[in-house]
Number of protein chains: 2
Amino acid sequence: MKLNLENAASFACADKLAKLAAETAAANELLESGKGAGNDFLGWVHLPSSITDEFLAEVQATANLLRETAEIIVVAGIGGSYLGPRAVNEALDHTFGLNGNNPRVVYAGNNIGEDYLADLMELLEGKTFAIINISKSGTTTETALAFRLLKTKLEATVGKEAARELIVAVTDKEKGAARKLATKEGYKTFVIPDNVGGRFSVLTPVGLLAIACAGHDIKALVKGAQDMEKATGVDVPYDQNPACQYAAMRNALYQDGKKIEILVNFQPKLHYMMEWWKQLFGESEGKDLKGIYPASVDFTTDLHSMGQWIQEGERTIFETVVSVEKANKTVLFPHDEENLDGLNFLAGKRVDEVNKMAELGTRLAHVDGGVPNMLVTIPVLDEYNLGQLIYFFERACGVSGYLLGVNPFNQPGVEAYKKNMFALLNKPGYEAESAAILARLNK
Amino acid sequence: MKLNLENAASFACADKLAKLAAETAAANELLESGKGAGNDFLGWVHLPSSITDEFLAEVQATANLLRETAEIIVVAGIGGSYLGPRAVNEALDHTFGLNGNNPRVVYAGNNIGEDYLADLMELLEGKTFAIINISKSGTTTETALAFRLLKTKLEATVGKEAARELIVAVTDKEKGAARKLATKEGYKTFVIPDNVGGRFSVLTPVGLLAIACAGHDIKALVKGAQDMEKATGVDVPYDQNPACQYAAMRNALYQDGKKIEILVNFQPKLHYMMEWWKQLFGESEGKDLKGIYPASVDFTTDLHSMGQWIQEGERTIFETVVSVEKANKTVLFPHDEENLDGLNFLAGKRVDEVNKMAELGTRLAHVDGGVPNMLVTIPVLDEYNLGQLIYFFERACGVSGYLLGVNPFNQPGVEAYKKNMFALLNKPGYEAESAAILARLNK
């Protein structure tokens, strides 16, 4: 993975950038020492290097059991428990679902859509499926609802005994409803570590199991993260440390009024990596009335929707492009005898060569239009490089949050809607809130 | 369709809002009189009411021919030619693709992804498929590339003769490469009117044909738009005109520093309607260094990713919720004997009832957090109400762009990346640009 800041540096105030760059060492050191804000959630910092071959073998063995039996594997989870596995799987899966002998992986428990759940039940009708239930507490409304439906359906389909072998719980090591049920039913379980928050959890069983189920190489994924853990550590000086450089630059731009960061890909399979990134940075930095607003686009598709705004709208944005150097498959731009469309000058080229010129042309055009541009490049879209990318963004996020002066590891604002929802639904224990919200609505 | 501004009005400066409200009449009148900026692209204003039953029957008949023969229908197009049909189809399709006897509809020509195109060719291998090629000029790189590949593949699969019956061109009435080829090959064609821009084209054959192909009711869609055309016309006063009210409110909020509008759904099927909306407003207003940045989220999913930022980040955002009053299918919240997750207080409720309380709870929480909130409600997710929604947003966009003081109907910034791309690829006719860009890169 490479980071190129050339087209951003000219937009940043040199003094501010230098000051922030100097501060990254201390910020990165806080992640190491555990003396900063949110320090009970730093388990992700040395997570990659702590993962053993034995542990990965256990995850893989469980995945293999599910893969052998199930046509469909339903991953139930929300937040990082949804976006982590989906981001990696969609980056590596076939665009149109032709994944060979791999089971189909679908996602549930991340919304309260009645039509969505009805459609899911129809999909599963008459199918052998497995459930990975990812929930620390086991009481999150979205996921618990989906799990109730899925468990009932599975037991009705294969019987209560066989269902036990097709349900895996990824949950707290001892507490909570999901753990309790798993113990009682004898489900295979994996632990969500106490000190790793949802948005940093993709390299725990939260992500790894579902990724292995889809047929992807979790060893290579972890290896990529391990290498990036080394490449971004406290002993790596600023001018060689991509996490610190990215963190400093985005804060420098933010201080100069660049309020929105747009993460860009030119490879549609990276769509959900961008969604994962939005949670990572949005939840970590969007607090105390500050934080860069994280947005994303899929180019060249969205050049024909958001491109106009980016080129000529308010100059309050910057872009970070995640570029993949080589395509995995080969399609040549076809020759056409008649050439009515005038595109024969491209005939015989790899399609990706055209895409790369679209990418370079776009970056130059946006820079000319006043949009600072950072470039993150990986050589190829595979497990190893996704592992690098994941840890790079995680580490950069930790550093960046400390530079911003927030606690990057809490998310106090996520509770507000839940509290109102429970009050509106008359949840036991919310009697006072229910009365208050009813009074407010009837005003 | 209903619009509720109650939770936005308290955030807007009353004087500014009153001034903008007064200006909407003139802005709306400009759409009618055609005396405003961009007035050669006002064909969408009375498009719904100009659509005849004969025309819809012709579109439907063509769709039926393709539906009878093809297992897969590939819609090739970019910008509005992609987002228009996809937005409506995904809103109405089964979440997991179980669309009964309807052909599978897939999208191409909206990117330059080599892996994407390779995956598409694999999907089509050995399948009978049809192509809807949507391109005014026939020379847009993304779409022309995909069409070359698709045409070659189709001819190789079913022969040149049969292929002619399986290709429909939606293009200019007389000019351009796609029209020329269609005439030569004898393809069935439909016209993209000269005076309707891409982002306003979903109710032309650009959208209608692909929507009919997917098995949806284009008559009902158009009827919805027709009714909304009446409901937002110049003879409808401000206090009854949702397009004028929405346009005024969002401009008032923007003038007070609300720089980002987040379009929100609680129904995942509306995801691509939000993408369509982003193009509509982003391309119409993002120019002259101004314009609200259009963003979108799918709730409750994204409450667990972007929710934190929205609740507690910079107070420079407002939300517009598109709410669907009733779900189409029924799932009851299941009872669980053991109730380990403590959710039995929800047992027996419609899942959508819980979703609605999440929606209301979220709106209240975000308003409390300083986020102005507008609410657009449709009774049910069907063709008629999507038609209403589409025209509502189009009309509001025209009025809003004039209030902002831009030409809402051009998109000069979309050319910049193309010019660079062609220069980098040594396109004939771009020799000077090629030399210049090379010199710049080699500096």
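Residues numbered from 1 in each chain as written. Chains lettered and ligands numbered in written order. Predicted model: local features only at pLDDT ≥ 70, side-chain atom pairs only at ≥ 80, totals over all residues. Heavy atoms only, no water.

## As for helix α16 (residues 383-404) of chain B
Residue and element names in this part refer to chain B.
Item 1. The first and last C-alpha atoms of α16 sit 31 Å apart over 22 residues, in line with the 32 Å expected at 1.5 Å per residue.
Item 2. Within α16, 21 of the 22 residues are buried, which leaves the element mostly enclosed by the surrounding structure.
Item 3. Gly405, located one to two residues past α16, shows a positive phi value of around 90°. (Helix = DSSP H or I, 4+ residues; strand = E, 2+ residues; numbered from the N terminus. Expected span 1.5 Å × (residues − 1). Buried < 20%, exposed > 50% of the residue type's maximum accessible area, 1.4 Å probe, protein only.)

## Examining the interface of chain B and chain A
Item 1. At the interface, 124 residues of chain B touch 124 residues of chain A.
Item 2. Together chain B and chain A conceal approximately 10,900 Å² of surface at their shared face, both sides included; 64% is due to carbon and sulfur atoms.
Item 3. Our count for the contact surface shared by chain B and chain A stands at 16 salt bridges.
Item 4. Here Lys259(B) makes a salt bridge to Glu314(A), at a shortest N to O gap of 2.9 Å.
Item 5. At the boundary of chain B and chain A, one finds 67 residue pairs in polar contact (both at pLDDT 80 or more).
Item 6. By residue number, the principal contributor to the side of chain B that touches chain A is helix α15 (residues 351-368) of chain B, which donates 13 residues.
Item 7. Its residues placed into classes, the side of chain B that touches chain A shows 56 nonpolar, 34 polar and 34 charged. (Contact = heavy atoms within 4.5 Å. Buried area = accessible area lost by both parts, 1.4 Å probe. Salt bridge = Lys/Arg side-chain N within 4 Å of Asp/Glu carboxyl O. Polar contact = N/O pair within 3.5 Å; in protein donor to acceptor, adjacent residues only side chain to side chain. Nonpolar A, V, L, I, M, F, W, Y, C, P; charged D, E, K, R; others polar.)

## Focus on the pattern of salt bridges
Item 1. Counted according to the given criterion, the structure contains 69 salt bridges over all chains.
Item 2. Glu185(B) is the partner of Lys151(B) in a salt bridge, and the nearest nitrogen-oxygen pair spans 4.0 Å. With Lys151(B) in helix α7 (residues 141-158) and Glu185(B) in helix α9 (residues 177-185), this residue pair connects regions lying 34 residues apart in the sequence. In this pair, the class of Lys151(B) matches that of Glu185(B), namely buried.
Item 3. The structure contains a network of salt bridges with shared partners spanning Lys151(A), Glu155(A), Lys160(A), Glu161(A), Arg164(A), Lys184(A), Glu185(A) and Glu338(B).

## Side note on the sheet that holds strand β1 (residues 2-4) of chain A
All names here are of chain A.
Item 1. Pairing in this open sheet of five strands is mixed, and the strands run β1-β10-β9-β7-β8 from one edge to the other. On the outer flanks of this sheet lie β1 and β8 (293-298), each paired with one strand and no other. This sheet shows a mean twist of 20° between the axes of neighbouring strands, independent of strand direction.
Item 2. By the bridge criterion, three bridges tie β1 to strand β10 (residues 373-380) in an arrangement that is antiparallel. Note that in β10 the partner of Asn4 across the bridge is Leu375.
Item 3. Running over the sheet, helix α12 (residues 242-255) touches β1, β7 (260-265), β9 (317-326) and β10 and is turned about 155° from β10.
Item 4. The strands touched by helix α15 (residues 351-368) are β9 and β10; relative to β9, the strand with the most contacts, the crossing angle is about 160°. (Pairing = 2+ DSSP bridges. Axes fitted to C-alpha atoms, helices over the stretch in contact; angles between N-to-C directions.)

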